[in-house]
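# Coordinate analysis (summary)
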Amino acid sequence: MATQNEVVSADSRSVPRWRNRIIALLVAAVVLIASYFVLAAFIPRWWGQRIADLAHGSFAKGIGWGLTFGTLCTALALVLLLIAPLVWRRRYGRYIAAVSVVAAVVTAIPNLMTLTIVLGDGNGAHAGQRILDVDAPGFRGATLVGAIVAAIVVLGAGFLVTRWRRGRRTECPQLSK
């Protein structure tokens, strides 16, 4: 049988636990906000410099690298995202799906960094735009074209494969077992 002192001490332990959680959440929020502002200034400039180093001021190289990054990063990310629902109900499927989604996000990072330059309105984004305009002309537009082409090809192939699999199941029901 619990005494009154034991009940009070149990309640007093839960108050600091909540206080500690609230403090930890506030600290995490401050760190995330500070990280955002630091990265918003750094990432566009850094990515612009990396692409400028690849293109060396050449219009053809800027377009070539833009098509390469846009096509490959978009296609791989979409394929990895399409794998996730296909393996979801299999053995270890949830883990494979989670790894697939994380890998898709990692694969899309170059396109996302280019997007921060294109859509950003801060000083870092404007610096990245100027760097790409001078040292990697054509990169931003070619990245967009490559991403659109890759999205159309991958989603079209996914549609055709899905349609083929459904048609095969209706023609041969014994194969779907």
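These lines cover the structure that appears in this document, whether it is placed above or below. All values derive from a computational prediction rather than experimental measurement. (Residues numbered from 1 in each chain as written. Predicted model: local features only at pLDDT ≥ 70, side-chain atom pairs only at ≥ 80, totals over all residues. Heavy atoms only, no water.)

In this section: unusual backbone geometry. A positive phi angle, near 55 degrees, is found at H56, a position not held by glycine. Position of H56 relative to the elements: it lies in the loop between α1 (4-55) and α2 (59-87). Judged by relative accessible area, which is 61%, H56 ranks as exposed. A positive phi is found at Y92, a non-glycine position, where the angle reads about 60 degrees. Here Y92 lies in the loop between α2 and α3 (93-107). Using a relative accessible area of 52% as the deciding quantity, one classes Y92 as exposed. (Helix = DSSP H or I, 4+ residues; strand = E, 2+ residues; numbered from the N terminus. Buried < 20%, exposed > 50% of the residue type's maximum accessible area, 1.4 Å probe, protein only.)

All right, on to the packing of aromatic side chains then. Counted by the stated rule, this structure contains six aromatic pairs. For the pair W46 and W47, a centre-to-centre distance of 6.2 Å together with 40 degrees between the ring planes defines the contact as tilted. For W46, a relative accessible area of 33% gives the class partly exposed. When the centroid spacing of 5.5 Å and the interplanar angle of 75 degrees are considered together, the rings of W47 and F69 count as edge-to-face. Here F69 lies in helix α2 and W47 lies in helix α1, a separation of 22 residues in the sequence. Neither W47 nor F69 differs from the other in exposure class; each is buried. Cation over ring: R21 sits above W18, and NZ or CZ is 5.1 Å from the ring centre. (Phe/Tyr/Trp six-rings, centres within 6.5 Å; stacked < 30°, edge-to-face > 60°. Lys NZ or Arg CZ within 6 Å of the ring centre and 35° of its normal.)

Where nonpolar side chains cluster on the molecular surface, the patch consists of V102, V106, I109, L112, L115, V118 and L119 and spans about 610 Å² of accessible area. At the level of elements, α3 and α4 (109-119) are the ones that each hand at least two residues to the nonpolar patch. In terms of residue count, the dominant contributor to the nonpolar patch is α4 (five residues). Here V102 lies in helix α3. Classification of V102 by relative accessible area gives exposed; the value is 52%. (Patch = residues over 30% accessible without salt bridge, like charges linked within 9 Å, V, L, I, M, F, W, Y side chains within 5 Å. Areas by Shrake-Rupley, 256 points an atom, 1.4 Å probe, with all protein chains shown as cover. Salt bridge = Lys/Arg side-chain N within 4 Å of Asp/Glu carboxyl O.)

Let us now look at α4. If you check which residues of α4 are buried, you get P110, N111, M113, T114 and I117. One face of α4 carries all of its buried residues, which in axial projection span an arc of 160 degrees. (Arc of directions from axis to C-beta.)

Another point: α2. For α2, which comprises 29 residues, the first-to-last C-alpha distance of 42 Å matches the rise-based estimate of 42 Å (1.5 Å per residue) to within 8%. Among all positions of α2, only G62, G66, F69, G70, C73, T74, A75, A77, A84 and V87 are buried. Capping of α2 at its N-terminal end is provided by S58; its side-chain oxygen lies 3.4 Å from the backbone amide nitrogen of A60. (Expected span 1.5 Å × (residues − 1). Polar contact = N/O pair within 3.5 Å; in protein donor to acceptor, adjacent residues only side chain to side chain.)

Moving on, we get to a positive patch on the surface. A surface patch of positive charge is lined by R90, R165, R166, R168 and R169. Mapping R90 onto the fold places it in the loop between α2 and α3. (Lys, Arg positive; Asp, Glu negative; His and termini not counted. Charge placed at Lys NZ, Arg CZ, Asp CG, Glu CD.)

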